[in-house]
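Examination of the molecular architecture
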Amino acid sequence: MTPKERALAALHLEESDRVPIFEAWTSRLVVERLLGREYRNVRDFIDFCKKLQLDFVEVPNGTPRNFKSTYLRENVYVDEFGRIFEFKGDTKTDWYKGPWFKDIESYLDFEYPDPLATGRLDNIEIAVREAGEQYAVAGEIDWGIFERSWTPVGMESFLKAVYTQRSAVRKIIDRSLKFNLELAKSIIDAGVDVVLSGDDLADNHGPFVGLTVFRDLFFEPLKSLVQSVKKRGVPFILHTDGNIYPILSFLIDAGIDALHPLQPQVIDIWKFKDAYGNRICLMGNVDISTVLPFGNSQDVAKAVRVCIDAAGAGGGYILSSSNSLHEGIPLNNIISMVEAAKKFGRHPISGS
């Protein structure tokens, strides 16, 4: 089977020749270590996916070609949505620092960016053109509805406004939804095989908002986005870290095809597979906080086998790290993870 065929089979809860392998956010330093050269552009990440022998190439949408960030000081800038980031040179990573807007009202007066601006899909189009024949190209909506809504004003201000300025919050969410709907359509038009939305809805303690608030404010927008993608015949992957059990029924009812990354600190993959494996594809669960950065190759292989034994039988499981391949993970352990997936992931899997 081709990597694309293998990947799509799992997303449709079917068995293939083996469990497919996926990674989304990968440190540029990790890419450079594998390729032995400096990271320059998306083509280097495509080469990384091919050389590591992943089954997906995951690429986010980008910034319009004519947009110039406002720099507050060296390496600290304001992006097109009014969010402050800092570029860390030692890790070659952009970190969210906080909001630019001082309050909800000033953000509502802000002229929102164009989801169809020229250049926003440049990297996705390159990935489709140069990898799409063999690999499953996952086009990423870089910020989901929840994160796109709160990050320009800050989590604290946004959550307070949920209770004190509910109508204003609805306007913000509606604006985020409209942007993501148009963006998703354009990503699909670019020829991707899968759409992924990164949208952290919880931490290890549970969701950031209560069930009533999630149902009232976020369920219908999420469902609208998911269904708009699925109506085009494209699977929808939702990424959210944390303990999502309290809102999991909403996520499934919204129609998501797969859930990533099943953080092992809060998700027991054996129980999760038994309870939900016939409804959604499972992705992830190989721990990035202890096993991958600090274990040896045997530790990594053992963790991979546990995940595959727990979730691989019958299809509907895609192996990946429990979030991302960050710069603290040794290259040998990443290679060991992939090799173990190929060794233990051949169907049929007993699950014992």
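Everything below is about the structure printed above this text.
Residues numbered from 1 in each chain as written. Predicted model: local features only at pLDDT ≥ 70, side-chain atom pairs only at ≥ 80, totals over all residues. Heavy atoms only, no water.

So, the overall build of the protein chain
Quick reminder of the rule: Only runs of H or I of at least four residues qualify as helices and only runs of E of at least two qualify as strands under DSSP, and these elements are numbered from the N terminus. This radius of gyration counts C-alpha atoms alone. The globule rule is 2.2 Å times how many residues there are, raised to the power 0.38. Only protein chains enter the calculation, and the probe is 1.4 Å; a residue is then buried if its accessible area is under 20% of its type maximum, exposed if over 50%, and partly exposed in between. We call two residues in contact whenever any of their non-hydrogen atoms come within 4.5 Å of each other. Only the protein chains shown count as cover for residues, with accessible areas throughout obtained via the Shrake-Rupley method and a probe of 1.4 Å. Charged residues are defined here as Lys and Arg on the positive side and Asp and Glu on the negative side; His and the ends of the chain fall outside this count. All charge positions are set by atom: Lys at NZ, Arg at CZ, Asp at CG, Glu at CD.
Across its full length, the protein chain carries 14 helices and 13 strands. Taken over C-alpha atoms, the radius of gyration comes to 20 Å for the protein chain, in line with the 20 Å a tight globule of 352 residues would show. Seen through its principal axes, the protein chain has C-alpha atoms that stretch 55 × 45 × 40 Å. Scored against the burial criterion, the 352 residues of the protein chain give a buried share of 59%. Residue pairs in contact within the protein chain that sit at least 24 positions apart in sequence constitute 72% of those at least 6 positions apart. Of the roughly 14900 Å² that the protein chain leaves accessible, carbon and sulfur atoms contribute 49%. Taken as two groups, the 41 positive and 49 negative side-chain charges of the protein chain have centres that lie 1 Å from each other.

Some words on helix H11 (residues 269–276)
Note: α-helices contain 3.6 residues per turn, so residues at a spacing of three or four share the same orientation. As a reminder, the rule being used: It is the directions from the helix axis to the C-beta atoms that the arc portrays. Whenever a nitrogen or oxygen atom comes within 3.5 Å of another N or O atom, the pair is scored as a polar contact, on the condition that within protein one atom can donate a hydrogen and the other can accept it, and that pairs from neighbouring residues in sequence are kept only if both atoms are in side chains.
Looking at H11, one finds that the buried residues are Ile269, Phe272 and Lys273. Looking straight down H11, one finds that the buried residues subtend no more than 100° of arc, so they occupy a single side. Of the exposed residues in H11, the ones pointing more than 90 degrees away from its buried face are Lys271 and Asp274. Residues of H11 that are buried in the fold lie against helix H10 (248–254), strand S11 (258–260), strand S12 (281–283), helix H13 (297–311) and strand S13 (317–318). Its side-chain oxygen 3.0 Å from the backbone nitrogen of tryptophan 270, aspartate 268 forms the N-cap of H11.

Focus: the sheet that holds strand S10 (residues 236–239)
Note the cut-off: Two strands qualify as a pair provided DSSP detects at least 2 bridges between them.
With respect to topology, seven strands assemble into an open sheet ordered S1-S6-S7-S10-S11-S12-S13, the strand pairing being parallel. Of all strands in the sheet, those bounded by a partner on one side alone are strand S1 (56–60) and S13. Where S1 meets strand S6 (residues 136–141), five bridges bridge the pair, whose relative direction is parallel. Bridge pairing in S6 places phenylalanine 56 opposite alanine 136.

A few points about the sheet that holds strand S4 (residues 83–88)
Basically, it comes down to this: Here an angle of 0 to 180 degrees is reported between the N-to-C directions of two axes, which are lines fitted to C-alpha atoms, with helices fitted over the stretch in contact.
The strand order across the open sheet built from four strands is S2-S3-S4-S5, with neighbouring strands paired in antiparallel fashion. The open sheet has two free edges, formed respectively by strand S2 (70–73) and strand S5 (93–99), since each of these has just one partner strand. Adjacent strand axes in the sheet meet at a mean angle of 30°, parallel and antiparallel pairs treated alike. Where strand S3 (residues 76–78) lies against S4, three bridges are found, and the strand directions are antiparallel. Counted as the bridge partner of valine 76 is glutamate 86 from S4.

Considerations on unusual backbone geometry
With an omega of 10°, the peptide bond running from histidine 260 to proline 261 counts as cis. The topology assignment puts proline 261 in the loop between S11 and H11. With omega at 0°, the peptide bond leading from histidine 347 into proline 348 counts as cis. Among the secondary structure elements, proline 348 is positioned in the segment after helix H14 (331–344). With a phi angle near 70°, glutamine 53 is a residue other than glycine that sits in the positive phi range. Of note, glutamine 53 is situated in the loop between helix H3 (42–52) and S1. Even without a glycine there, the phi angle at asparagine 285 is positive, about 90°.

A short note on helix H8 (residues 166–189)
Formally: Expected span of a helix, by definition, is 1.5 Å for each gap between consecutive residues, and there is one gap fewer than residues.
Taking 1.5 Å per residue as the helical rise, H8 with its 24 residues ought to reach 34 Å, and the 34 Å between its terminal C-alpha atoms agrees with that figure. Two residues or fewer after H8 comes glycine 191, characterised by a positive phi angle close to 105°.

Thoughts on the packing of aromatic side chains
Worth spelling out the cut-off: Here is the rule: rings of Phe, Tyr and Trp (six-membered ring for Trp) pair when centre to centre is within 6.5 Å. Planes less than 30 degrees apart are stacked, more than 60 are edge-to-face, and the remainder are tilted.
Evaluation of the coordinates by the stated rule reveals 24 aromatic pairs. With a centroid separation of 5.1 Å and 55° between ring planes, the pair formed by phenylalanine 101 and tyrosine 107 is classed as tilted. Residue class for phenylalanine 101 comes out buried when judged on its relative accessible area of 13%. Taking 5.9 Å as the distance between ring centres and 55° as the angle between the ring planes, the aromatic pair formed by tyrosine 245 and phenylalanine 272 counts as tilted.

A closer look at the packing of helix H2 (residues 28–35) against H3
Rules: If an angle is under 35 degrees, it is roughly parallel; if it is over 145, roughly antiparallel; if it lies from 65 to 115, roughly perpendicular; otherwise it is oblique. Note on convention: the crossing is left-handed when the near helix lies turned anticlockwise from the far helix by less than a right angle, right-handed when the turn is clockwise. Polarity classes work like this: nonpolar for Ala, Val, Leu, Ile, Met, Phe, Trp, Tyr, Cys and Pro, charged for Asp, Glu, Lys and Arg, and polar for all others, with Gly in that last group.
Remark: H2 packs on H3, axes separated minimally by 10 Å, with the N-to-C direction vectors making an angle of 60°. Between H2 and H3, the angle falls in the class oblique. Taken as a pair, H2 and H3 cross one another with a handedness that is left-handed. Two secondary-structure elements touch here, H2 through Val30, Val31, Leu34 and Leu35 and H3 through Asp44, Phe45, Asp47, Phe48, Lys51 and Leu52. Within the contact of H2 with H3, the residues separate by chemical class into seven nonpolar, no polar and three charged.

Digging into the pattern of salt bridges
Rules: What counts as a salt bridge is simple: a side-chain nitrogen of Lys or Arg found within 4 Å of a carboxyl oxygen of Asp or Glu.
For the coordinates displayed, the defined rule picks out 24 salt bridges. Of the charged contacts in the structure, one is a salt bridge between aspartate 17 and arginine 6, with a shortest N-O distance of 2.8 Å. Of this pair, aspartate 17 sits in the loop between helix H1 (3–11) and H2 while arginine 6 sits in helix H1, placing them eleven residues apart in sequence. Here aspartate 17 matches arginine 6 in class, with each residue buried.

Details of the nonpolar core
Keep this limit in mind: Buried residues of nine kinds, namely Ala, Val, Leu, Ile, Met, Phe, Trp, Tyr and Cys, make up a nonpolar core once their side-chain atoms join them within 4.5 Å.
Counting 103 residues, the largest nonpolar core has Phe158, Phe214, Leu251, Leu259 and Leu319 as its most contacted members. In terms of residue count, the dominant contributor to this core is H8 (eleven residues). Those residues within four positions of phenylalanine 214 in sequence are excluded, and the remaining contacts are Leu201, Val209, Phe219, Leu222, Ile247, Phe250 and Leu251. If you look at the next biggest cluster of nonpolar residues, it comprises 15 residues, including Ala10, Leu196, Cys281 and Met283.

So yeah, pure geometry; function would need other evidence.
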